[in-house]
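Remarks on the overall topology
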Amino acid sequence: MPTDPQSAGVLPLDQALAAAEQYGQKLPAPETEIVSIRESLGRVLAEPILADRDFPPFPRTTRDGFALKSVDIRAVPTTLRVVGEVKAGGYYGKPLKSGEAVEIMTGAPAPSGADAVVMVEYTNRSGEMVEVLRSCAEGENIVPVGSEAKMGREMVAPGVRLSFAQIAVAAAVGHTRIAVFRRPQVAILPTGDELVDAAQTPSAFQIRNSNSYSLAAQVIAAGGEALQLPIAADDPAALRALMEQGLKADLLLLSGGVSMGKFDLVEQVLADLGAKFFFAGALIQPGKPVVFGEANAAAGAGAEAGIKIVRQVASRPTPFFGLPGNPVSTMVTFDLFVTPVLRALSGALPVRLPVAKARLAKTIRTKTGLTRFLPGRLQGPALDPEVEMISWQGSGDLMASAQADCYVIIPPDRDQIEAGEMVSILLRSCPS
Ligand code: AMP
Ligand code: MG
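These notes cover the structure that comes with them. (Residues numbered from 1 in each chain as written. Chains lettered and ligands numbered in written order. Predicted model: local features only at pLDDT ≥ 70, side-chain atom pairs only at ≥ 80, totals over all residues. Heavy atoms only, no water.)

Topic: the overall build of the protein
Regarding its fold elements, the protein presents eight helices and 28 strands. Computed over its C-alpha atoms, the radius of gyration of the protein comes to 29 Å, more than 25% above the 22 Å expected for a compact globule of 432 residues. Projected onto its principal axes, the C-alpha coordinates of the protein cover approximately 90 × 55 × 45 Å. The long-range fraction of contacts in the protein, counting pairs at least 24 apart against all pairs at least 6 apart in sequence, stands at 74%. As displayed, the protein has an accessible area near 20,500 Å², and 54% of this comes from carbon and sulfur atoms. Between the averaged position of the 40 positive side-chain charges in the protein and that of its 45 negative side-chain charges there is a distance of 3 Å. (Helix = DSSP H or I, 4+ residues; strand = E, 2+ residues; numbered from the N terminus. Rg over C-alpha atoms; globule rule 2.2 N^0.38 Å. Contact = heavy atoms within 4.5 Å. Areas by Shrake-Rupley, 256 points an atom, 1.4 Å probe, with all protein chains shown as cover. Lys, Arg positive; Asp, Glu negative; His and termini not counted. Charge placed at Lys NZ, Arg CZ, Asp CG, Glu CD.)

A word on helix 7 (residues 327-345)
At V338, helix 7 shows its strongest bend, of approximately 50°, with the proline P340 following within four residues. Taking burial as the measure, the 19 residues of helix 7 include 19 buried ones, the bulk of the element. Of the residues trailing helix 7, G347 is marked for its positive phi of about 80°. (Bend = angle between axes of the 7 residues up to and from the residue. Buried < 20%, exposed > 50% of the residue type's maximum accessible area, 1.4 Å probe, protein only.)

Concerning the sheet that holds strand 21 (residues 318-323)
Taken in spatial order, the six strands line up as 16-13-17-21-20-18 in an open sheet, and their pairing is mixed. For this open sheet the edge positions go to strand 16 (225-228) and strand 18 (276-279), each flanked by a neighbour on one side alone. Mean inter-strand twist for the sheet, computed between neighbouring axes without regard to direction, equals 25°. Contacting strand 13 (185-190), strand 16, strand 17 (251-255) and strand 21, helix 4 (residues 211-221) crosses the sheet at an angle of about 160° to strand 16. With respect to the sheet, helix 7 is in contact with strand 13, strand 17, strand 18, strand 20 (291-295) and strand 21, its orientation differing from that of strand 21 by roughly 170°. (Pairing = 2+ DSSP bridges. Axes fitted to C-alpha atoms, helices over the stretch in contact; angles between N-to-C directions.)

Topic: the side chain of E294
Following the sequence through the fold, E294 ends up in strand 20. Only 2.8 Å separates the side chain of E294 from the side chain of Y23, close enough to count as a polar contact. Filtering out sequence-adjacent residues up to four positions away, E294 remains in contact with Y23, A275, K276, F278, P317, T318, P319 and F320. (Polar contact = N/O pair within 3.5 Å; in protein donor to acceptor, adjacent residues only side chain to side chain.)

Details of the site of ligand 1
Around ligand 1, 17 residues are found, and the nearest of them are E194, N209, S210, G257 and G325. In the model, an oxygen atom of ligand 1 is placed 3.1 Å from a nitrogen or oxygen of the N326 main chain. Here ligand 1 has 480 Å² of accessible area as a free molecule, and 79% of this is covered by the chains. When atom positions are compared with the pocket grids, ligand 1 is found to occupy the second largest pocket. (Near = heavy atom within 4 Å. 1 Å grid on protein atoms, 1.4 Å probe; cavity = no way out; pocket = protein on both sides within 12 Å on 5 of 7 lines; lining within 4 Å. Sits in = over half its atoms within 2 Å of the grid points.)

Concerning the packing of helix 4 against helix 7
Interhelical geometry of helix 4 versus helix 7 gives an angle of 30° and a closest axis separation of 10 Å. Taken together, the axes of helix 4 and helix 7 lie roughly parallel to each other. When you trace helix 4 past helix 7, the crossing you get is right-handed. Contacts between helix 4 and helix 7 involve N211, S214, L215, Q218 and V219 on the former and, on the latter, P327, T330, M331, F334, D335 and L342. (Parallel < 35°, antiparallel > 145°, perpendicular 65-115°, else oblique. Left-handed = near helix turned anticlockwise from the far one by under 90°.)

Quick notes on the packing of helix 2 (residues 13-25) against helix 7
It is the contact of helix 2 with helix 7, at a shortest axis distance of 8 Å, that shows an interaxial angle of 15°. As the angle between them shows, helix 2 and helix 7 are arranged roughly parallel. As for how helix 2 packs across helix 7, the hand of that crossing is right-handed. Where helix 2 approaches helix 7, its residues L13, A16, L17, A20, E21, Y23 and G24 are matched on the opposing element by L336, F337, P340, V341 and A344.

What follows is the structure, given as C-alpha cells:
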C-alpha cells in the first residue's frame, strides 16, 4: 500500500472506485442500537428480518370474483351455484364441491377445494346462480400459502438500508423495534484562506463556505452523522490541529487544498501526520485532485473545537478524503468515492453506482482523457427520458449544479457524442 501521495498516484475511475469499495469491505461491523420502526427510515439493518409465519398465511385471492374449481369452467359459458360469500378477513368453512362457487373479495382466503378465482367482470350473477363467461387456469388469481416466504425465512438481510419496502416487511412480521447499526460520525473540515462562514458577510475577495453545508447534507442523506469543524486557514499548523480533531471521527472529509497550488497543503500535512494514501487523484472531471487515505488519530486530540467526537473503533486508522474545493467537484467526488466508504462504515452492503441510460438531447463536444460527469437534467416523456446538459462555467458553478438532477457521464475516449445517442447518467444520491 503506498504511503505517500506521489507514489499513490492518479488512478483511472474504475480503479479509484474499486479502491474505495475494497477499503469498505475490510471494515469491521459497527455497534448496534435498537430503534422504533417509525424512526428506521435510512437506517441499516443489523439483524435479519425473519418471516414470523408463512407469506401469504392463507391462499390469498387477488381479484374480486368467484372462487371455483377450474375443471368446472373448462367449457364456457357455464352456470354454477353460489353457495357463500367471503370478504377479506372472513372465511368460508366448507370445502367447495363441484358445480359450486363462492363470491370472494380481494384479500380473502380462497375456500378449500377452490383452485381458481374468476374475475367478477367475466361473470353474470342472477340470484343464487352465476354464469361464468371465461375459463381460468388452475391457480389463477390465488397466491398459494407460503409461496412468497415460508415461516422462518430471512425476508430482509442484515446490511440492507431500510427504505419503505423493507419497512413494510418489518411491519408485516410485527418487527416494530429494529436492531440497526450506529450511524458513523463524519467530520467535515473546510480549508481555504478565502472562506468565511455562511452566516458572515464576505469581504470583496472572500467567499462563503458552502461545501461544509452541501457535504453535511450528503453525509446525512447517505446515513451518517455530520460534524462540521471550523474553517481551516491555508496554514500547516492550523490545518494539522483541525485534522487531528477530525481524525477522531469515523471518517474525515476535507474540502479544498488538494490541487497543485502553492497553498494546497492538505496532502503534505496529512503525510506529516503519518497518513497512508490509496490514491492521490482520479482521471475524472470534475474532481481530478481527489485524495483518499487513512491516518491514525493522535491520542488526546479532539475536544478543542468543542465538538464531541466518539469514535466507534478507536484502534483502527481513520479513513479520510481530501475532496477538491470547487463545489461541484466536492459533490461529484462524494457521490463517487465517499458513498461506498460511508456505507461500509454504516454496516451497509455495497450497492452499484446509480447509473441509468437516457437519450442525449443535444450534441456534446469535450476533450478526451478523463471520464466526465457533467451536470444534466432529465426531460421529455416520463418513460423515455432525454437528458439535457446544463450550461455551466465549470466545477465552481453552484447554480448550474442546483439546476441539475443527474450527471451525464462522458467516457474518456469520446470527444463528441451526437444528439439522440443513449448515454449513461449518474443519478444524484439525494434527489431534490
Ligand atoms: P481549492 O480546491 O482549495 O483549490 O479550491 C478550489 C475552488 O473552490 C476555489 O475557487 C475555492 O475558493 C473554492 N472553494 C474551496 N473551498 C470551498 C468551500 N468550502 N466552499 C465553497 N467554495 C470553496
Ligand atoms: Mg484552497
